[in-house]
Amino acid sequence: MDLLKALAMPFHLGSLLFVATTSLLLTLILSVGGVSIIMAIPAICLIMIWLTRFTFTLIDDATNGVQEAAAASLEMLSPFGDARCWVHPALTAFIAIALFLQPEIPRLPVLAACALLLPASIGAIALTGNALDALNPFALVRVIRGLAHYYVLAVLWVTLCVAAGVLVVRSGLWLLVIIATLQLLLLLACAFIGGAVYARRVDLGFVPLVSPERVEQRKEDQRMAQRQHMIDGLYSDLRSRESARAVASARLWIEQAGPQQVPGDVKAILDAGAHWSEPRGVALLMRGLVPQLLSMRQPGLAFAAVEAGLTAVPAFTPEQEGDAVAMIRYALQSGRKRLAATLLANFMGSSANASTPGPELLELRARLHNQPSEA
């Protein structure tokens, strides 16, 4: 889909207006004929500069995941704005002159090599922004390896565009149509290369301006800021003896978190609580989190909350017997018998749990009593 969106960019309104404008100007200039064309060479060169600048703007947009083609601007008429725009026209001129002056040079192998290396050359300077990387063998190899099978498709696509251009030139169509079609074929070839780079951005180690990864990172950064604000609010509530509000805020945050986010959120709360000067408030907060984490089938996180509560207040205990039983069992299963015994003693000795212990709690007490103490 990313590649198809890139291929659609030459047909966006801004691109079509540019092609129509430059095609019309070139048609008018070339239609004059005679000596006047020599006088018009500076104008033709200016239009070619505009075309190359616009083409590289489209390549950059496609490479960076921008889905709307930028409109041509007067700033693109400057030949000094982007050194990359000089590389391939200069290489094309050099190869053409060499083949003309040296007829013995086999043309087909040279043209085949150009077709094979052009996508890598364009992709290299699109990735780095360095014009010299157009001829840097290490940069070329990086692009070829990173694009993998996309590189084969890029070579075939460029070859197809060149072949279509040759057919259009030989078709005898109106000059305006020929020039416009050639420009669109150029933009399509370059859009494919840019779209391929964007599609393989991870393998190329490239971070585009617009990508799902950047969007997710921005969302995560915003969420981290909101989480820190929530944690600061917890501390403020605990300091003002509003423990019920702190528990409600923490529970609501965890409830709204995704399954992959809960461990990080709980760890952040525990890490922050370890540095708070409100041990009683931290214990009350942990007591409120334990049943929620158990209901979410997160016994490891619930036990981490229990340990944080014990660190804050040695007499810490879960409020409900079922939660206490689950945590004592978890401690035994994880080989922490002494901690299990502490939790049992804390719960049994709590004034809030004066009722008769249930059968599960009695069974755990007997089990701990019959087992040797932890060294």
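Visitor: Outline the overall build of the chain, listing residues and values.
Guide: Per the secondary structure count, the chain includes 18 helices and zero strands. Taken against the 2.2 N^0.38 rule, which gives 21 Å for 375 residues, the C-alpha radius of gyration of the chain at 35 Å runs more than 25% over that of a compact globule. Judged by the C-alpha coordinates and their principal axes, the chain covers about 110 × 45 × 30 Å. Going through the 375 residues of the chain one by one, you find that 40% of them count as buried. Partitioning the intrachain contacts of the chain with sequence separation of at least 6 by distance along the chain shows that 70% fall at a separation of at least 24. Total accessible area on the chain stands at roughly 20,500 Å², and carbon and sulfur atoms take up 65% of it. Taken as two groups, the 28 positive and 27 negative side-chain charges of the chain have centres that lie 3 Å from each other.

Visitor: Pulling in residues and values, what's your account of helix 8 (residues 149-169)?
Guide: For helix 8, which comprises 21 residues, the first-to-last C-alpha distance of 31 Å matches the rise-based estimate of 30 Å (1.5 Å per residue) to within 8%. The complete set of buried residues in helix 8 reads Tyr151, Ala154, Val155, Val158, Cys161, Gly165 and Val168. The buried residues of helix 8 occupy one face: seen down the axis, they fall within an arc of 155 degrees. Set apart from the buried face of helix 8 by more than 90 degrees, the exposed residues are Val152, Leu156, Leu160 and Leu167. Where helix 8 is buried, its residues touch helix 6 (107-128), helix 7 (137-147) and helix 9 (175-199).

Visitor: Please set out the pattern of salt bridges residue by residue, giving values where relevant.
Guide: Throughout the structure, instances matching the rule amount to nine salt bridges. Of the charged contacts, one joins Arg200 and Asp203 as a salt bridge, the two residues approaching to 3.6 Å between their closest N and O atoms. We note a salt bridge from Arg245 to Asp237, for which the minimum N-O separation is 3.1 Å. Given a relative accessible area of 45%, Arg245 falls into the partly exposed group. Within the structure, one salt-bridge network assembled from shared partners comprises Arg223, Arg227 and Asp265.

Visitor: Which residues make up the nonpolar core, and what values go with them?
Guide: Core analysis: the largest hydrophobic core is formed by 45 residues, its most contacted members being Ile269, Leu285, Met286, Leu293 and Ile328. Only helix 11 (212-239), helix 12 (243-256), helix 13 (262-273), helix 14 (279-295), helix 15 (299-312), helix 16 (321-333), helix 17 (337-349) and helix 18 (359-370) provide two or more residues apiece to this core. Examining the composition of this core, we find that seven residues originate from one element, helix 14, more than from any other. If we skip the residues at most four places from it in the chain, Leu285 touches Leu234, Leu238, Ala246, Val247, Ala250, Ile269 and Trp276. Within the second largest apolar cluster, 18 residues are counted, among which are Ala120, Leu188, Phe192 and Ala196.

Visitor: With reference to specific residues and values, describe the packing of aromatic side chains.
Guide: As enumerated under the stated definition, the model contains five aromatic pairs in all. Ring geometry for Phe18 versus Trp50: centroids 5.2 Å apart, planes at 90 degrees, classification edge-to-face. With Phe18 in helix 2 (residues 13-32) and Trp50 in helix 4 (residues 41-63), the pair connects residues that are 32 residues apart, well separated along the chain. Judged by relative accessible area, which is 3%, Phe18 ranks as buried. Overall, the relative accessible area of 13% leaves Trp50 in the buried class. A connected cluster of aromatic rings, assembled from ring pairs, spans Phe18, Trp50 and Phe54.

Visitor: Explain the packing of helix 5 (residues 84-101) against helix 6 to me, and be specific about the residues and the numbers.
Guide: Contact geometry of helix 5 with helix 6 gives a least axis separation of 11 Å together with a crossing angle of 170 degrees. One way to sum up the angle between helix 5 and helix 6 is to call them roughly antiparallel. In contact with Arg84, His88, Ile95, Leu99 and Phe100 of helix 5, helix 6 contributes Arg107, Val110, Cys114, Leu118, Ser121, Ile122, Ile125 and Ala126. Of the residues that constitute the contact of helix 5 with helix 6, the class distribution is nine nonpolar, two polar and two charged.

Visitor: How would you sum up a nonpolar patch on the surface? Please name residues and give values.
Guide: On the surface, Leu30, Leu173, Trp174, Leu175 and Val177 cluster together into a nonpolar patch covering about 460 Å² of accessible area. Here Leu173 lies in the loop between helix 8 and helix 9.

Visitor: Please give an account of the side chain of Arg200 that cites residues and values.
Guide: Inspection of the secondary structure puts Arg200 in the loop between helix 9 and helix 10 (201-204). Among the polar contacts made by the side chain of Arg200, one reaches the main-chain carbonyl oxygen of Gly146 at a distance of 2.9 Å.

Visitor: Let's hear about the packing of helix 4 against helix 6: which residues, and what values?
Guide: With their axes 10 Å apart at the nearest point, helix 4 and helix 6 run at an angle of 70 degrees to one another. As the angle between them shows, helix 4 and helix 6 are arranged roughly perpendicular. Counted together, Phe56, Ile59, Asp60 and Thr63 of helix 4 and Ile122, Ile125 and Ala126 of helix 6 form the full contact between these two elements.

Visitor: Help me get a handle on helix 7, residues and values and all.
Guide: Along helix 7, the residues that are buried comprise Ala139, Leu140, Val143, Gly146 and Leu147. Burial along helix 7 is one-sided: seen end-on, the buried residues are contained in an arc of 140 degrees. What points out from helix 7, more than 90 degrees from its buried face, is the exposed set Phe138 and Arg145. Lining the buried residues of helix 7 we find helix 6, helix 8, helix 9 and helix 10.

Reading guide: rules and limits
- Residues numbered from 1 in each chain as written.
- Predicted model: local features only at pLDDT ≥ 70, side-chain atom pairs only at ≥ 80, totals over all residues.
- Heavy atoms only, no water.
- Helix = DSSP H or I, 4+ residues; strand = E, 2+ residues; numbered from the N terminus.
- Rg over C-alpha atoms; globule rule 2.2 N^0.38 Å.
- Buried < 20%, exposed > 50% of the residue type's maximum accessible area, 1.4 Å probe, protein only.
- Contact = heavy atoms within 4.5 Å.
- Areas by Shrake-Rupley, 256 points an atom, 1.4 Å probe, with all protein chains shown as cover.
- Lys, Arg positive; Asp, Glu negative; His and termini not counted.
- Charge placed at Lys NZ, Arg CZ, Asp CG, Glu CD.
- Expected span 1.5 Å × (residues − 1).
- Arc of directions from axis to C-beta.
- Salt bridge = Lys/Arg side-chain N within 4 Å of Asp/Glu carboxyl O.
- Core = buried A, V, L, I, M, F, W, Y, C linked by side-chain atoms within 4.5 Å.
- Phe/Tyr/Trp six-rings, centres within 6.5 Å; stacked < 30°, edge-to-face > 60°.
- Axes fitted to C-alpha atoms, helices over the stretch in contact; angles between N-to-C directions.
- Parallel < 35°, antiparallel > 145°, perpendicular 65-115°, else oblique.
- Nonpolar A, V, L, I, M, F, W, Y, C, P; charged D, E, K, R; others polar.
- Patch = residues over 30% accessible without salt bridge, like charges linked within 9 Å, V, L, I, M, F, W, Y side chains within 5 Å.
- Polar contact = N/O pair within 3.5 Å; in protein donor to acceptor, adjacent residues only side chain to side chain.

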